[in-house]
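Architecture and fold: a report
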Amino acid sequence: SGRAIAGATAPGLDLAAALAYAGTLDTANKGLTPSGGTVVTTTMVDLTSAAARDAASAQHAAAGYEDQRVFDKAADSWRHAGDGWFKLKAYRYAAIAYHNAAADNVLLLRWDHVFDNERHAAQSWEALGDLPGAALAWELAADGAQKRRDFGNAAISFEQAAADWQAAGGADRDSRS
């Protein structure tokens with residue numbers, strides 16, 4: 001049961017009416033015909049391919065591991081998903097998966113993995129053409145490198161962040177990761 005919402009094109013669920021309904025419930029998709037359309041793709045990525053299903057499955061597993069607070073397996077699953085998406089040139093999905101892997105590794109204080117995953121996230125954002133996203137990921141990679149006392153990679157990552165910020169049209173900003 002729906003109720004009109006001002007400014008919206010679709011009704012909102014009327015919970016009171018739905019909870020008060022005493023009739024027989026039917027399936028939500030009754031009367032709908034499944035799509036016979038073409039395979040869904042995004043920038044040459046076949047989202048029905050086995051590789052895409054594998055990456056999506058790894059993401060699903062990662063979320064489950066996070067719910068269980070098993071962060072090492074979650075991080076590994078996010079990394080696997082990121083690698084899969086990157087190979088498919090689904091760079092946005094890859095960058096997000098790599099960043100999530102880094103975030104789980106922060107919780108584990110595995111700074112080498114934080115650096116590596118954020119470096120991959122930055123490369124994914126760059127491949128997508130999202131330089132602000134890449135710059136931020138480079139800064140996070142630098143932070144991971146600093147925390148493991150790898151000052152050479154921290155400096156290189158901060159320089160890459162500065163270059164991406166400038167290429168994005170912004171001024172090089174003072175980074176204090």
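Summarised in this report is the structure supplied together with it. (Residues numbered from 1 in each chain as written. Predicted model: local features only at pLDDT ≥ 70, side-chain atom pairs only at ≥ 80, totals over all residues. Heavy atoms only, no water.)

**Points about the packing of helix H4 (residues 91–107) against helix H5 (residues 111–128)**
With their axes 8 Å apart at the nearest point, H4 and H5 run at an angle of 165 degrees to one another. With respect to each other, H4 and H5 are oriented roughly antiparallel. Between H4 and H5 lies a crossing whose hand is left-handed. Of the residues in H5, those in contact with Tyr-91, Arg-92, Ala-94, Ala-95, Ile-96, Tyr-98, His-99, Ala-101, Ala-102, Asn-105 and Val-106 of H4 are Trp-111, His-113, Val-114, Asn-117, Glu-118, His-120, Ala-121, Ser-124, Trp-125, Ala-127 and Leu-128. A class-by-class count of the residues in the contact of H4 with H5 yields 14 nonpolar, six polar and two charged. (Axes fitted to C-alpha atoms, helices over the stretch in contact; angles between N-to-C directions. Helix = DSSP H or I, 4+ residues; strand = E, 2+ residues; numbered from the N terminus. Parallel < 35°, antiparallel > 145°, perpendicular 65-115°, else oblique. Left-handed = near helix turned anticlockwise from the far one by under 90°. Contact = heavy atoms within 4.5 Å. Nonpolar A, V, L, I, M, F, W, Y, C, P; charged D, E, K, R; others polar.)

**Structural notes on the pattern of salt bridges**
A complete count under the given rule lists six salt bridges for this structure. In this structure, Asp-76 and Arg-110 form a salt bridge, with 3.7 Å as the shortest nitrogen-oxygen distance. Of this pair, Asp-76 sits in helix H3 (residues 71–87) while Arg-110 sits in the loop between H4 and H5, and the two are 34 residues apart along the sequence. Owing to a relative accessible area of 23%, Arg-110 belongs among the partly exposed residues under this scheme. Between Lys-147 and Asp-143 there is a salt bridge; the shortest N-O distance is 3.3 Å. One end of the pair is Lys-147 and the other is Asp-143, both in helix H6 (residues 131–147) and four residues apart, which spans about a single turn. A relative accessible area of 42% places Lys-147 in the partly exposed class. Judged by relative accessible area, Asp-143 falls into the buried class, the value being 16%. (Salt bridge = Lys/Arg side-chain N within 4 Å of Asp/Glu carboxyl O. Buried < 20%, exposed > 50% of the residue type's maximum accessible area, 1.4 Å probe, protein only.)

**Digging into a nonpolar patch on the surface**
A contiguous nonpolar patch, built from Leu-13, Leu-15 and Leu-19 and spanning about 380 Å² of accessible area, is present on the exposed surface. As for its placement among the helices and strands, Leu-19 is situated in helix H1 (residues 15–20). (Patch = residues over 30% accessible without salt bridge, like charges linked within 9 Å, V, L, I, M, F, W, Y side chains within 5 Å. Areas by Shrake-Rupley, 256 points an atom, 1.4 Å probe, with all protein chains shown as cover.)

**Brief notes about the packing of H6 against helix H7 (residues 151–167)**
Between H6 and H7, the least distance of the axes is 8 Å, while the angle of their chain directions is 165 degrees. Judged by the angle between their axes, H6 and H7 are roughly antiparallel. When the axes of H6 and H7 are compared, the crossing they make is left-handed. When H6 is examined against H7, the residues Leu-131, Pro-132, Ala-134, Ala-135, Leu-136, Trp-138, Glu-139, Ala-141, Ala-142, Ala-145 and Gln-146 are found in contact with a partner set consisting of Phe-151, Asn-153, Ala-154, Ser-157, Phe-158, Gln-160, Ala-161, Asp-164, Trp-165 and Ala-167.

**A closer look at helix H2 (residues 50–67)**
Residue pairs three or four apart in sequence face the same way in an α-helix, which turns once every 3.6 residues. Between the first and last C-alpha of H2 there are 26 Å, a value that for 18 residues agrees with the 26 Å anticipated at 1.5 Å per step. Along H2, the positions that sit buried rather than exposed are Ala-52, Ala-55, Ala-58 and Ala-62. Down the axis of H2, the sector holding all buried residues measures 120 degrees, keeping them to one side. Exposed side chains of H2 directed beyond 90 degrees from the buried face belong to Ala-50, Arg-53, His-60 and Asp-67. One or two steps after H2, the chain reaches Arg-69, where phi turns positive at roughly 65 degrees. (Expected span 1.5 Å × (residues − 1). Arc of directions from axis to C-beta.)

**Comments concerning the nonpolar core**
Counting residues in each nonpolar core, the largest one holds 27 residues, and the members touching the most others are Trp-78, Ala-81, Trp-85, Trp-125, Ala-137 and Trp-138. Of all the elements in the fold, those that place two or more residues in this core are H2, H3, H4, H5, H6 and H7. Residues contacting Ala-81, with those up to four places away along its chain left out, are Ala-55, Ala-58, Gln-59 and Ala-97. (Core = buried A, V, L, I, M, F, W, Y, C linked by side-chain atoms within 4.5 Å.)

**Brief notes about the environment of Pro-11**
Structurally, Pro-11 can be placed in the loop between strand E1 (2–3) and strand E2 (12–13). Residue class for Pro-11 comes out exposed when judged on its relative accessible area of 58%. Among all residues touching Pro-11, those that are not within four sequence positions of it are Gly-2, Arg-3 and Ile-5.

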